[in-house]
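# Reading the structure
Spelled out from the first residue to the last, the chains are:
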Amino acid sequence: MLRRVSGYLLPRSSPASAATEQLQRDGYTTLRGVLDARALAALRREIEDVYAHFPADGRSRLRETDEDQDFRYEMFNRSALAQKAIATDAILATIEPLLGEDCHVIANTCWRNPPRASNAHGGGFWHIDSGPHIPRDPQIPWDERIPYPVFAIGAHIYLDDCPLACGPTGVLAGSHKSGTPPPKDRLADVSLQYGGRGVVPLMATAGDACLFVSDVWHRRLPAQAGDTGRFFLQVHYGRRDIAQRIRPTAQVNHVSAEAQARATSPRERTLLGLHPNFFYDG
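An account of the accompanying structure is given in this report.

Reading the values: rules and limits
- Residues numbered from 1 in each chain as written.
- Predicted model: local features only at pLDDT ≥ 70, side-chain atom pairs only at ≥ 80, totals over all residues.
- Heavy atoms only, no water.
- Helix = DSSP H or I, 4+ residues; strand = E, 2+ residues; numbered from the N terminus.
- Buried < 20%, exposed > 50% of the residue type's maximum accessible area, 1.4 Å probe, protein only.
- Contact = heavy atoms within 4.5 Å.
- Phe/Tyr/Trp six-rings, centres within 6.5 Å; stacked < 30°, edge-to-face > 60°.

## Topic: the environment of Arg186
Looking at the element boundaries, Arg186 is found in the loop between β7 (169-171) and β8 (200-201). Relative accessible area serves as the criterion here: at 31%, Arg186 is assigned to the partly exposed category. Non-local contacts of Arg186, meaning those with residues more than four positions away in its chain, are made with Trp126, Ser191 and Leu192.

## Here's the deal with unusual backbone geometry
The step from Gly131 to Pro132 runs through a cis peptide bond, and the omega angle for that step is 0 degrees. With respect to the helices, strands and loops of the structure, Pro132 is situated in the loop between β5 (104-113) and β6 (152-158). For Ser6, which is not glycine, the phi dihedral falls at a positive 50 degrees. Its place among the elements puts Ser6 in the loop between β1 (2-5) and β2 (8-11).

## Considering the packing of aromatic side chains
Applying the stated criterion to the full structure yields seven aromatic pairs. Consider the rings of Tyr194 and Trp217, whose centres lie 5.3 Å apart with planes at 70 degrees: the pair is edge-to-face. Within this pair, whereas Tyr194 is found in the loop between β7 and β8, its partner Trp217 is found in the loop between β9 (209-213) and β10 (218-220), the two being separated by 23 residues in sequence. Here Tyr194 falls in the partly exposed class, since its relative accessible area comes to 26%. Among the aromatic residues, ring-to-ring pairing joins Phe71, Trp111, Tyr158 and Phe232 into one connected group.

Purely geometric numbers; function is a separate question.
Here is the structure:
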């Protein structure tokens, strides 16, 4: 764990919560009741208004048009109550010992997935959110004397209950320390294990927040009979050094029109920070 002192990150000596300890050790944790019933109802109404008044962003190349309707991006720009929810004390107190007191939001997307037989998108295969941030040969064990560093943390703030039937996010505990993405030949395999441990479904009640380290192997589990869909406000927090992806780099960047015109190859564009949409922003 760490703290920011005079601009530098230093080891943290003061104690942290059990949720922070679990997040660092296992790569996930669940915070119960971060929003009370009144705050939850108001947030839900305001987010429903966002869906009604803002069209789908059309950012992804990987899903069908109707499925794109499930998502709304840059939520803290579109909803004051979403902005308030992502700053909830219980969440910040859990993540700041791992990311620093100056961590910031790098993405803020709402998901409203209705029941479907199948999804082209929705995290339905094992994946990690960018990274791994410390790639290494899996035959080289991590020295447990060094706390495994965390660079980004995702949180799902649930607006509806998410029982097992609704296909909650499943995680493989400890896999964030693997230094590798999930094996390509088993991306659809629900029985995948890491370190001899199988999937943990992050079931939630409306008002709960499920947190996971971006490097942990995770996926949406298959929905079952009785699925009523999923509805949650997703927010990714990153260290100060991690760039924000609230809007695509084609819209928000530091590049002049003249420099953009001179960047004629894909690599010249990415070198200037003009990246295709993918993790976090698409």
